[in-house]
Amino acid sequence: MNEDEGKALATHEQELRRGTVVFASLVACRRPQYGYSLLTTLTEAGIATEANTLYPLLRRLEKQGLLTSVWNTEQARPRKYYTLTDSGAEVAAALHSHWLELNSSITQLWKDGTP
């Protein structure tokens, strides 16, 4: 792969990852997560993301009513925990269905193109 092809691939991977991080964050927040724990959960699942991407995303999802947050000040370090709202759970379930359909479609396209 030449340098231009490598740059194009990196751009397309970044675009694919952006949408995946939104979906994965909703899925992971089915149980309470604070920012760093969510970063760790996503990384361990193979969906690495940067903190400067994740924290604005969490605020946006909360503003959209898909997540709710609660501060836990019982520990030495206060943490803001995010959890799915009912609306967020519905969106996550719908995205999961679409994800499965897209995966099936792409897999079929890949098989159909195999020599």
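Because the structure is a prediction, the values reported are computed rather than measured. (Residues numbered from 1 in each chain as written. Predicted model: local features only at pLDDT ≥ 70, side-chain atom pairs only at ≥ 80, totals over all residues. Heavy atoms only, no water.)

Undergrad: Got a sec to walk through the pairing of strand β2 (residues 67-72)? Specific residues and values, please.
TA: Inspection of the sheet shows β2 paired to strand β3 (residues 79-84) by six bridges, in the antiparallel sense. Residue Trp 71 lies in a different strand from β3, and its bridge partner there is Lys 80. Linking β2 to β3, which pair antiparallel, is a turn of six residues. (Pairing = 2+ DSSP bridges. Helix = DSSP H or I, 4+ residues; strand = E, 2+ residues; numbered from the N terminus.)

Undergrad: Give a detailed account of the UniProt feature "domain: Transcription regulator PadR N-terminal" (unreviewed entry) in the protein, specifying residues and quantitative values.
TA: Taking the numbering used here, the UniProt-annotated feature "domain: Transcription regulator PadR N-terminal" (unreviewed entry) corresponds to residues 29-92. Note that residues 29-92 is 47% helix and 22% strand, and that its end C-alpha atoms are spaced 10 Å apart. (UniProt positions renumbered as here; feature names shortened; annotations may be inferred.)

Undergrad: Could you give an account of the layout of surface pockets, with specific residues and numbers?
TA: In this structure, the largest pocket encloses a volume near 320 Å³. Every residue along the wall of the largest pocket is listed here: Leu 16, Gly 19, Thr 20, Phe 23, Leu 95, His 98, Trp 99, Leu 102, Asn 103 and Ile 106. Only α1 (3-28) and α4 (86-112) provide two or more residues apiece to the lining of the largest pocket. Looking at the lining of the largest pocket, the element that brings in the most residues is α4, giving six residues. (1 Å grid on protein atoms, 1.4 Å probe; cavity = no way out; pocket = protein on both sides within 12 Å on 5 of 7 lines; lining within 4 Å. Points joined across faces, edges and corners; volume = space filled by probe spheres on them.)

Undergrad: I'd like to hear about the sheet that holds β3, residue by residue, with values.
TA: Sheet architecture is open: three strands sit in the order β1-β3-β2, paired in antiparallel fashion. Unpaired on one side and paired on the other, β1 (33-34) and β2 mark the two borders of the sheet.

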